[in-house]
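In case you want the letters, here they are:
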Amino acid sequence: MGKTELLINKWREEGIDMVYPLLFKFRTAVLGEGWVAGVEFSGAVVVTKEASEFIAHGLKPGGVAGVGSTLTEAYLAYKEDVQTVLYDMAGDAPFEAFRDEVLKFFDSPDAWGETKFAEGRLMVAAGKVDSSLPLEPKPELVAKVVELELSSRNNPVLPAGESLPVQLAA
């Protein structure tokens, strides 16, 4: 029995049918008291198919999840939760505290998610994941938080919750 078959058997024992290691780019503007921040993530999420639902488990940023009846619905629910966390962090915090909290949030994955992400990448590399998403073999996961000028027209356009194309980590 090969490595991929062992993984599939292990997942089935856990109630998981498939693991999708997704990479995404996410940009948004967050308003605080007296400041506007541009937040950009080149992040990762692990989506598991379990029975009739998909669950997006945050990896970077971690600590949030989304559920849906399709892979896309689960990812979009995850993205909404990330946006909500960012708005909650802004509150009445000064910009520097917000920036530090966002970077800490981004860099706090859990061991389970890291393991599943690595297992999913093995399955993608072995051709066992059925998806039309483009592959990214060497993902760079980073977060950027910049303070934007309130009175300037030179700020980049960052519509709330903008999501750029999603890819499979290979």
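The structure displayed is predicted, hence computed values, not measured ones.

Chemist: Where do I start with the environment of K25 in this structure?
Modeler: Looking at the secondary structure, you find K25 in strand β1 (residues 18-32). Its relative accessible area of 38% is what places K25 among the partly exposed residues. Note: C-alpha distance between K25 and G43 (18 residues apart in sequence) is 6.3 Å.

Chemist: When you look at unusual backbone geometry in this model, what are you seeing that I'm missing?
Modeler: Note on backbone geometry: most residues besides glycine have negative phi, and most peptide bonds are trans. In the segment running from K60 into P61, the intervening peptide bond is cis, with an omega of 0 degrees. For P61, the location among the structural elements is in the loop between β3 (53-60) and β4 (62-68).

Chemist: I keep staring at the packing of helix α2 (residues 71-90) against helix α3 (residues 95-106) and nothing clicks. Help me out?
Modeler: Think of two packed helices as two axes; the pair is described by the angle between the axes and how far apart they sit. Direction vectors running N to C along α2 and α3 enclose 150 degrees, while the axes themselves pass 9 Å from each other. On the basis of the axis angle, α2 is roughly antiparallel to α3. Remark: the crossing between α2 and α3 carries right-handed chirality. Here V82, V85, L86, M89 and A90 of α2 lie close against α3, whose contacting residues are F98, E101, V102 and F105. Of the residues assigned to the contact of α2 with α3, the class counts are eight nonpolar, no polar and one charged.

Chemist: Teacher, can you tell me more about the layout of surface pockets here?
Modeler: Over the atoms rolls a probe the size of a water molecule, and its path tells where empty space is left. One number sums up the size of the largest pocket: a volume of about 180 Å³. Residue lining of the largest pocket: twelve residues in total, with F24, K25, S42, E140 and Q167 positioned closest to the centre. For the lining of the largest pocket, the secondary structure elements donating two or more residues are β1 and β2 (35-50). When residues in the lining of the largest pocket are grouped by element, the largest group, three residues, is from β1.

Chemist: I tried to follow α3 on my own but got confused; where do I start?
Modeler: Under the 1.5 Å per step criterion, the end-to-end length of α3 is 16 Å for twelve residues, consistent within 8% with the ideal 16 Å. Looking at α3, one finds that the buried residues are F95, F98, V102, F105 and F106. Projection of α3 onto a plane perpendicular to its axis shows the buried side chains occupying an angular sector of 95 degrees, all on one side.

Chemist: It is not clear to me how helix α4 (residues 111-125) should be interpreted in this structure. Could you clarify?
Modeler: Its 15 residues give α4 an end-to-end C-alpha distance of 21 Å, which sits within 8% of 21 Å, the value for a rise of 1.5 Å per residue. Listed as buried for α4 are G113, K116, F117, E119, G120, M123 and V124. All buried residues of α4 project into a common sector of 170 degrees when viewed along the axis, lining one side. Opposite the packed face of α4, turned more than 90 degrees from it, sit the exposed residues A111 and A125. A side-chain oxygen of the first residue of α4 lies 3.1 Å from the backbone nitrogen of W112; this N-cap is D110. Looking one or two residues past α4, G127 carries a phi angle of roughly 75 degrees, positive in sign.

What counts, and at which threshold
Residues numbered from 1 in each chain as written. Predicted model: local features only at pLDDT ≥ 70, side-chain atom pairs only at ≥ 80, totals over all residues. Heavy atoms only, no water. Helix = DSSP H or I, 4+ residues; strand = E, 2+ residues; numbered from the N terminus. Buried < 20%, exposed > 50% of the residue type's maximum accessible area, 1.4 Å probe, protein only. Axes fitted to C-alpha atoms, helices over the stretch in contact; angles between N-to-C directions. Parallel < 35°, antiparallel > 145°, perpendicular 65-115°, else oblique. Left-handed = near helix turned anticlockwise from the far one by under 90°. Contact = heavy atoms within 4.5 Å. Nonpolar A, V, L, I, M, F, W, Y, C, P; charged D, E, K, R; others polar. 1 Å grid on protein atoms, 1.4 Å probe; cavity = no way out; pocket = protein on both sides within 12 Å on 5 of 7 lines; lining within 4 Å. Points joined across faces, edges and corners; volume = space filled by probe spheres on them. Expected span 1.5 Å × (residues − 1). Arc of directions from axis to C-beta. Polar contact = N/O pair within 3.5 Å; in protein donor to acceptor, adjacent residues only side chain to side chain.

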